[in-house]
Amino acid sequence: MAFKGLDWRAVFTAGLSAALLGALFGPACADDALKLTELSPNGADACFGHVYDAAHLKAHPKQKVARIFFYYGHDPVSRPNEEPAHSDTSYNGFVTTTVRGAEAPQWAGGWCNHQSEDGKSGAIHCGMDCDRTLASLKVDDKGRLMLSDLQPDIYLDADSEEELGTAEYTRQALGSEDDNFRLDPMPAATCKAEFARIDPIDPALGSPLRERLKPDQAFCYGHDYDAAHLASHPNQLTQSIRVFRGPVELASFASGGDAANWPDGADIAVSVTTREKSGKVTQTYSCQGEANQWRCAASSKMSNFSCDIAQKEIFLKRGANGTMMLANPNSSLAVVDLCSKAADGKTKSDDKVYRLEAMPQSACAP
């Protein structure tokens, strides 16, 4: 609706992926940080990497990895996002690789420790959730990092070969020669720059919504579509839309919310007027911060439903130049009755993604 041809998955997937990684790896204890003196003798973040030239890649046709970097230290991937300020996804080992022909790297993270009872000697193993291996590490007498046991499915889900089929798994997995890498020590800034290539920062996006929109602050965002726009988008139902927090939502958070965990537990209201109805429909959602978006589940606080609407979700994300993006991928916006059969399927193509402008609070009045 707001933009024909924009795929909401491209807008929201990066943040969701980061959140899922956080859920997989979980927070590491502060006492575990930078204990491996082989990698970091002085306790500072450490970087190792290698970029393979055309001659090497030609001589090793089964090696897909053209660039590889290993970072031991504080998270080089995350940036200020929509999760509560104290959220911690402190992995201490990070691998990023770029395969031949790819424009951007992929990455994975986990925890690295000595494989010994005292945790101070023996081989260094970096593990991931579900007993998966990130890598095994060893530093040679020249300070180079020997990285082995890099799994071909490091960026894929467990049991992905069965789900994808052999051909597709082989296409997505790393190559048979993508292991036993020798990485040179490099400045920490080099690794940070490499990880920054994964999801480049767009300065036009500005600060996260949780910083711009305060727990005790009302707000109103919306868009009204004119006749010309609706005529050119015949499958769009939405004529006008508002996303807001008003007195009711503010009072709800003040009575039961925790400002330290903002925006978790924040209620928002979404009002929609469609071209098929004269009146507007307002639905309340309860939100939580998830990576670079607010994940908002439909709430029955102000409405009675004949079905379980807990899985009816929308997503909010900051847009360029002070706008707000709203994604409605699965008929979770009240352009139809959330309990109707029509709501069980995918939203129509022109009612999926909205770009909303800041409006005076009076524009969101009941």
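Keep in mind that this is a model prediction, so the values were computed, not measured.

Reading the values: rules and limits
- Residues numbered from 1 in each chain as written.
- Predicted model: local features only at pLDDT ≥ 70, side-chain atom pairs only at ≥ 80, totals over all residues.
- Heavy atoms only, no water.
- Helix = DSSP H or I, 4+ residues; strand = E, 2+ residues; numbered from the N terminus.
- Buried < 20%, exposed > 50% of the residue type's maximum accessible area, 1.4 Å probe, protein only.
- Contact = heavy atoms within 4.5 Å.
- Areas by Shrake-Rupley, 256 points an atom, 1.4 Å probe, with all protein chains shown as cover.
- Pairing = 2+ DSSP bridges.
- Axes fitted to C-alpha atoms, helices over the stretch in contact; angles between N-to-C directions.
- Core = buried A, V, L, I, M, F, W, Y, C linked by side-chain atoms within 4.5 Å.
- Disulfide = S-S within 2.5 Å.
- Phe/Tyr/Trp six-rings, centres within 6.5 Å; stacked < 30°, edge-to-face > 60°.
- Salt bridge = Lys/Arg side-chain N within 4 Å of Asp/Glu carboxyl O.

Caption draft 1: Broad picture of the overall build of the protein. Scanning the protein from terminus to terminus reveals 8 helices and 16 strands. Burial analysis of the protein (366 residues in total) assigns 44% to the buried set. Partitioning the intrachain contacts of the protein with sequence separation of at least 6 by distance along the chain shows that 61% fall at a separation of at least 24. In the form shown here, the protein has an accessible surface area of approximately 18200 Å², with 52% of it arising from carbon and sulfur atoms.

Caption draft 2: The sheet that holds strand 8 (residues 181-186), seen in detail. The strand order around the closed barrel formed by 8 strands is 1-2-3-4-5-6-7-8, and the pairing between neighbours is antiparallel. Taking the axes of each pair of neighbouring strands and ignoring which way they run, one obtains an average angle of 30° across the sheet. As judged from the 3 bridges shared by strand 1 (residues 46-51) and strand 8, these two strands associate in the antiparallel manner. Paired with G49 across the two strands is D184, which belongs to strand 8. Helix-sheet contacts for helix 5 (residues 188-196) involve strand 1, strand 2 (65-72), strand 3 (93-99), strand 4 (106-114) and strand 8, and the interaxial angle to strand 2 is about 120°.

Caption draft 3: Layout of the nonpolar core. Within the largest apolar cluster, 30 residues are counted, with the highest numbers of intra-cluster contacts made by I268 and L333. Element by element, the count of residues in this core is highest for strand 11 (residues 266-274), at 4 residues. In this structure, L333 is in contact with I241, V270, V272, Y285, I314, L326, N328, L338 and Y354, ignoring residues within four places of it in sequence.

Caption draft 4: Structural detail: the environment of A196. Structurally, the position occupied by A196 is in helix 5. Using a relative accessible area of 35% as the deciding quantity, one classes A196 as partly exposed. Placed 118 residues apart in sequence, A196 and S78 show a C-alpha to C-alpha distance of 9.4 Å.

Caption draft 5: Seen up close, the sheet that holds strand 13 (residues 293-298). Taken in spatial order, the 8 strands close into a barrel running 9-10-11-12-13-14-15-16, and their pairing is antiparallel. Adjacent strand axes in the sheet meet at a mean angle of 30°, parallel and antiparallel pairs treated alike. In the sheet, strand 9 (residues 219-224) pairs with strand 16 (residues 353-358) via 2 bridges, with the strands oriented antiparallel. When the bridges of strand 16 are listed, Y221 appears paired with A358. Contacts between helix 8 (residues 247-256) and the sheet are confined to strand 10 (238-245) and strand 11, with strand 11 contributing the most and set at about 160° to the helix.

Caption draft 6: Structural view of the state of the cysteines. The tally for this structure, following the rule as stated, stands at 4 disulfides. Between the sulfur atoms of C220 and its disulfide partner C364 the distance amounts to 1.9 Å. Disulfide C220-C364: the torsion about the S-S bond is 75°, which places it as right-handed. Linking C220 in strand 9 with C364 in the segment after strand 16, this pair joins segments that are 144 residues apart in sequence. A relative accessible area of 4% places C364 in the buried class. The partner cysteine of C287 in its disulfide is C296, sulfur to sulfur 2.1 Å. The chirality of the disulfide connecting C287 with C296 is right-handed, given an S-S dihedral of about 105°. Assessed through its relative accessible area of 2%, C287 is described here as buried. Relative accessible area serves as the criterion here: at 0%, C296 is assigned to the buried category.

Caption draft 7: Layout of the packing of aromatic side chains. In this structure the tally under the stated criterion is 10 aromatic pairs. Here Y52 and F181 contribute two aromatic rings whose centre-to-centre distance is 6.2 Å and whose plane-to-plane angle is 55°, an arrangement assigned as tilted. A residue pair is termed long-range when its members are at least 10 positions apart, and Y52 in the loop between strand 1 and helix 2 (54-59) and F181 in strand 8 qualify at 129 residues. On the accessibility criterion, Y52 (13% relative accessible area) is buried.

Caption draft 8: The arrangement of the pattern of salt bridges in detail. Using the criterion set out here, one finds 10 salt bridges in the structure. A salt bridge links E168 to R171; the shortest N-O distance between them is 2.7 Å. Taken as a pair, E168 and R171 lie in helix 4 (residues 166-172) at a separation of 3 residues, close to a single helical turn. Each of R67, E194 and R197 takes part in one network of salt bridges that share partners.

Caption draft 9: Layout of unusual backbone geometry. Between W262 and P263 the backbone carries a cis peptide bond, its omega angle lying at 10°. In this structure, N180 takes a positive phi of about 55° despite not being glycine. Take N180: it is sitting in the loop between helix 4 and strand 8. The phi torsion at S331 lies on the positive side, around 50°, for a residue other than glycine.

Caption draft 10: Here's a closer look at the pairing of strand 1. The pairing of strand 1 with strand 2 spans 6 bridges and is antiparallel. Across the sheet, residue H50 finds its bridge partner in strand 2, namely I68.

Caption draft 11: Structural context of the pairing of strand 14 (residues 313-318). With 6 of 6 residues buried, strand 14 is to be regarded as a mostly interior element. On strand 14, burial covers both faces: E313, F315 and K317 on one face and I314, L316 and R318 on the other are all buried. By the bridge criterion, 4 bridges tie strand 13 to strand 14 in an arrangement that is antiparallel. If you follow R295 over to strand 14, its bridge partner there is F315. Linking strand 14 to strand 15 (residues 324-327), which pair antiparallel, is a turn of 5 residues; within it N321 sits at a positive phi near 60°.

Nothing here speaks to function; it is all geometry.
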